[in-house]
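Reading the structure
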Amino acid sequence: YTPPRLAEALRLDFPQMEEVTRFAIGGFPPEVRHGEISAAEQGVQWVDPNFFRVMTMPKVAGDLAHGLDAPDTVVIDVSTARKYFGRDTPLGEILLVDKRPVRVTAILQDLPSNTEINGNIFVSSLAPFSVMNDPAYNFWTGNRLNTYFRLRPGASLASVMARMPAFVHRYDS
């Protein structure tokens, strides 16, 4: 778990990072609805638009790389697609997350149970109602998000790690 502002600082201080992304699990499980089917979903995660450009996941359909670039978008897994829509690939369909419409842009295979990322509904952090847009998420203290990065081709993880103590000192002061 990492501070919410870490990703921004990593982007600025480490040009060898090609992508930096975050995900957050919302506090209380939001209601997810399509038609008459409704549930408080534990697996809703708020993710930055570039999340699937950093985290490689098995795609069934749609555009993972840019599927969350718009604020009203969501990526779901196959089980969620079947639960709410009765089919595997409801691309373009609308789900309501806490009564707000989001459009399905991609479908993932269900993730294995042994992964740290145990979501089944990934909502763009650009959504105005995203927990990541809450002012409480814009601080250095606390551990409210997970942050991941992908290095540029040829970049050295050892060089990033060597600079990390000075980076931490700079932002921890």
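Please refer to the structure higher up on the page.
Model, not experiment: these values are computed from the prediction.

1. Points about the overall build of the protein chain
For the protein chain, the helix and strand inventory stands at four helices and ten strands. Element order for the protein chain, N to C, with α for helix and β for strand: α-β-β-β-β-α-β-β-α-β-β-β-β-α. The globule rule puts the C-alpha radius of gyration for 173 residues at 16 Å, and the 17 Å found for the protein chain is close to it. In terms of overall dimensions, the protein chain has C-alpha extents of about 55 × 35 × 30 Å along its principal axes. Taken across its 173 residues, the protein chain has 46% of its residues classed as buried. Within the protein chain, residue pairs in contact and separated by at least 24 positions form 72% of the contacts whose partners lie at least 6 positions apart. In the protein chain, which carries 17 positive and 19 negative side-chain charges, the distance between the mean positions of the two groups comes to 3 Å.

2. Focus: the nonpolar core
Within the largest apolar cluster, 24 residues are counted, with the highest numbers of intra-cluster contacts made by W46, I76 and V123. For this core, the secondary-structure elements that each account for two or more residues are β4 (44-47), β6 (73-77), α3 (78-85), β7 (94-97), β8 (100-108) and β9 (121-124).

3. With respect to unusual backbone geometry
Residue D98 is not a glycine yet carries a positive backbone phi of 50 degrees. Examined against the element boundaries, D98 turns out to sit in the loop between β7 and β8. According to the relative accessible area criterion, D98 is partly exposed, its value standing at 36%. Unlike most non-glycine residues, K99 shows phi in positive territory, near 70 degrees. By the secondary structure assignment, K99 is in the loop between β7 and β8. The class for K99 is exposed, based on a relative accessible area of 68%.

Basis of the calculations
- Residues numbered from 1 in each chain as written.
- Predicted model: local features only at pLDDT ≥ 70, side-chain atom pairs only at ≥ 80, totals over all residues.
- Heavy atoms only, no water.
- Helix = DSSP H or I, 4+ residues; strand = E, 2+ residues; numbered from the N terminus.
- Rg over C-alpha atoms; globule rule 2.2 N^0.38 Å.
- Buried < 20%, exposed > 50% of the residue type's maximum accessible area, 1.4 Å probe, protein only.
- Contact = heavy atoms within 4.5 Å.
- Lys, Arg positive; Asp, Glu negative; His and termini not counted.
- Charge placed at Lys NZ, Arg CZ, Asp CG, Glu CD.
- Core = buried A, V, L, I, M, F, W, Y, C linked by side-chain atoms within 4.5 Å.

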